[in-house]
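So the chains spell out like this:
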Amino acid sequence: MTASKTTSTTAGKKAVPMVRAEGVHKSFGSAHILKGIDLEVAPKEVFCLIGPSGSGKSTFLRCINHLEKVNAGRLSVDGELVGYRERDGKLYELRDREVAARRRDIGMVFQRFNLFPHMTAVENIMEAPIQVKGESKAAARERATKLLDRVGLADKAANYPSQLSGGQQQRVAIARALAMEPKLMLFDEPTSALDPELVGDVLDVMKDLAADGMTMIVVTHEMGFAREVGDSLVFMDDGVVVESGHPREVLGNPQHERTKSFLSKVL
Amino acid sequence: MSVDVDKPAQPPADAPPSPPEPIRAIPVRHYGRWIAALAVLAVLFLLVRAFAAGNVNWGAIPEYLFNADILKGLRNTLLITLLSMVIGIVLGVILAVMRQSKNPVTSTVAWFYVWFFRGTPVYVQLFLWFNLGLVFQYIDIMPIYKDEWSDFMTPFLCALLGLGLNEAAYMAEICRAGLNAVDEGQTEAAHALGMSHGKTLRRIIVPQAMRVIVPPTGNEVINMLKTSSLVIAVQYYDLLQAAQNVGRDSGVVVEMLILAAAWYLIATTVLSIGQYYLERYYARGSSRQLPPTPFQRLKAKLSGGPNRAGGAA
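No experiment lies behind these values; they were computed from the predicted model shown.

## A few points about the overall build of chain A
Here is step 1 of the chain: Tallying secondary structure elements over chain A gives nine helices and 12 strands in all.
Here is step 2 of the chain: Over its C-alpha atoms chain A spans a radius of gyration of 18 Å, differing by no more than 12% from the 18 Å that the globule rule assigns to 267 residues.
Here is step 3 of the chain: Overall size of chain A, expressed as C-alpha extent along the three principal axes, is 50 × 50 × 45 Å.
Here is step 4 of the chain: Long-range contacts, defined here as pairs at least 24 residues apart, represent 64% of the contacts in chain A between residues at least 6 apart.
Here is step 5 of the chain: When the accessible area of chain A is evaluated, it comes to approximately 11,700 Å², of which 46% is carbon and sulfur surface.

## So, the packing of helix α3 (residues 68-100) of chain B against helix α11 (residues 253-282) of chain B
Residues and elements named next belong to chain B.
Here is step 1 of the chain: Their axes nearest at 12 Å, the elements α3 and α11 cross at an angle of 40°. With respect to their mutual orientation, α3 and α11 come out oblique. Handedness of the crossing formed by α3 with α11: right-handed. Residues Ile70, Leu71, Leu74, Thr77 and Leu78 of α3 touch α11, and the partners they reach there are Met256, Leu259, Trp263, Tyr264 and Ala267.
Here is step 2 of the chain: Class assignment for the residues of the contact of α3 with α11 results in nine nonpolar, one polar and no charged.

## Overview of the pattern of salt bridges
Here is step 1 of the chain: All chains considered together, the criterion is met by 25 salt bridges over all chains.
Here is step 2 of the chain: Note that glutamate 127 of chain A and arginine 203 of chain B form a salt bridge whose closest N and O atoms lie 2.7 Å from each other. In this pair, glutamate 127 of chain A is assigned in helix α3 (residues 121-131) and arginine 203 of chain B in helix α9 (residues 197-227), connecting two distinct chains.
Here is step 3 of the chain: Judged by relative accessible area, which is 30%, arginine 203 of chain B ranks as partly exposed.
Here is step 4 of the chain: Linked through salt bridges whose partners overlap, the residues forming this network are Lys133, Glu135, Arg143 and Glu181 of chain A.

## Describing the UniProt feature "transmembrane region" (unreviewed entry) in chain B
Here is step 1 of the chain: In the numbering adopted here, UniProt assigns the feature "transmembrane region" (unreviewed entry) to residues 34-58, 78-98, 110-130 and 256-278 of chain B.
Here is step 2 of the chain: In the segment residues 78-98 of chain B, helix accounts for 100% and strand for 0%; the C-alpha atoms at its two ends are 30 Å apart.

## Considering empty space enclosed by the protein
Here is step 1 of the chain: In the structure shown here, the tally under the stated rule is two cavities of 30 Å³ or more.
Here is step 2 of the chain: Empty space within the second largest cavity amounts to approximately 40 Å³.
Here is step 3 of the chain: Around the second largest cavity sit Met108, Phe110, Arg176 and Ala177 of chain A together with Ala189, Ala192 and Leu193 of chain B, which together line it.
Here is step 4 of the chain: Taken together, the elements giving at least two residues each to the lining of the second largest cavity come down to α5 (166-178) of chain A together with α8 (184-192) of chain B.
Here is step 5 of the chain: A class-by-class count of the residues in the lining of the second largest cavity yields six nonpolar, no polar and one charged.

Quick notes on the rules
Residues numbered from 1 in each chain as written. Chains lettered and ligands numbered in written order. Predicted model: local features only at pLDDT ≥ 70, side-chain atom pairs only at ≥ 80, totals over all residues. Heavy atoms only, no water. Helix = DSSP H or I, 4+ residues; strand = E, 2+ residues; numbered from the N terminus. Rg over C-alpha atoms; globule rule 2.2 N^0.38 Å. Contact = heavy atoms within 4.5 Å. Areas by Shrake-Rupley, 256 points an atom, 1.4 Å probe, with all protein chains shown as cover. Axes fitted to C-alpha atoms, helices over the stretch in contact; angles between N-to-C directions. Parallel < 35°, antiparallel > 145°, perpendicular 65-115°, else oblique. Left-handed = near helix turned anticlockwise from the far one by under 90°. Nonpolar A, V, L, I, M, F, W, Y, C, P; charged D, E, K, R; others polar. Salt bridge = Lys/Arg side-chain N within 4 Å of Asp/Glu carboxyl O. Buried < 20%, exposed > 50% of the residue type's maximum accessible area, 1.4 Å probe, protein only. UniProt positions renumbered as here; feature names shortened; annotations may be inferred. 1 Å grid on protein atoms, 1.4 Å probe; cavity = no way out; pocket = protein on both sides within 12 Å on 5 of 7 lines; lining within 4 Å. Points joined across faces, edges and corners; volume = space filled by probe spheres on them.

What follows is the structure in structure tokens.
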């Protein structure tokens, strides 16, 4: 798995990985969704997760910021275990407040946007910096305005989400996540709920982020984006990593039967 | 509609075609509607005439409209309605949160509370509070207060507890429905931003749940205003009690009942208007464009605003 990291943008010897998963398992009742995931995401890397629906990509993504609890294995972000503290060889569950504190540094973008419908675009972006970081209203508004400008929506600040198109909502959602100045961004099929002609705007914002050196884990069906922007790519099926490597290699020359048959359907 | 306003009335031949001629047709005559309207009006007329000619001393109603006793009863009715609703809402929110708690004891207790108070008539509950002195002879909060139960449990307190605790059961169900109506993705998005449970509830979930909670709560307030007339069971001096007393003393029993009905109607009308504006406030963001209020519509009409807004822009 780690052998394929040659193209990663990190120079010289390896720093602490941003995300490291070792034998991660997750089940919902009797449904075994993740069956031992091992992978590493280096800082500043754009890491793409592809695979058929139900393969566990989204579940794995949600485990990273502890929206789902891992059943077995170890999962750490920037050297810190997700959801637990380790002392004297024992694991201690984190309190809700500690879990929340760790989530501050991890931005997440959802398939269905999940903007707060009772707040305008700019208020959506200001909410967490004010409520979580205790920023002043003026400072939060100033940065929110800049972020809106960055995603190309400076003129939509006063609009409610219901007055925005899907693509605009998703760009506000990205700005909202960026407002917390995260060190890692998780994208859960960010363009799957969009009309085809709106996908490009959202991908452009993501490309811009990648160029800025943001560490990103992207669950996606946009093979073009993965090929163009991705540093590594993992193909998951039925709760396991089937194949991984540089996007161009995996997409251009898949080694496994399952990868081949999946790619033949989506490309 | 095009924007070329200052073009001559007769457009040149190569200009875009003028708007098509509207259809001129003779509308369908709805004779049935006319007959139905006349029948309804006739029945109304007969009813009004019967009441006017009946043995009702109509003059007594305006005479007693602002009678001191009636006003005192009205004030008590409004007071007990307001306070019972406050108890009902506060306790209802607590019960709704308890119901969703992961602690099995708190959620079960909340379930039993709703089961009991919703399952018995409020009239019976009022009587129970009134007669609870048979169970507790003294009330003894050691250092601060000690008294006989019957002295402590005044008609006011009986009415307040009876109505408020009963209302809490209904409000708990309304709040629970409201909280459940908010999409789970909202909680996830707030948590992913690092917001705590409490902040998520207060800043994200409750404001959205309000849109679902406010309309039935408005109904509950209006309902409570009328249900409060049951406090006659515990000797509380409310509007109905006052109307009956005045009616008995002055020999205008039916007139005072009509008067009480009028006051109830006025109060519920005022409350309905308040509810309308409250709903509007919590609907922001949920629909693209809020419809104008009746007041705004009236203002627009008076100022002779654009009577055809479509087409342009």
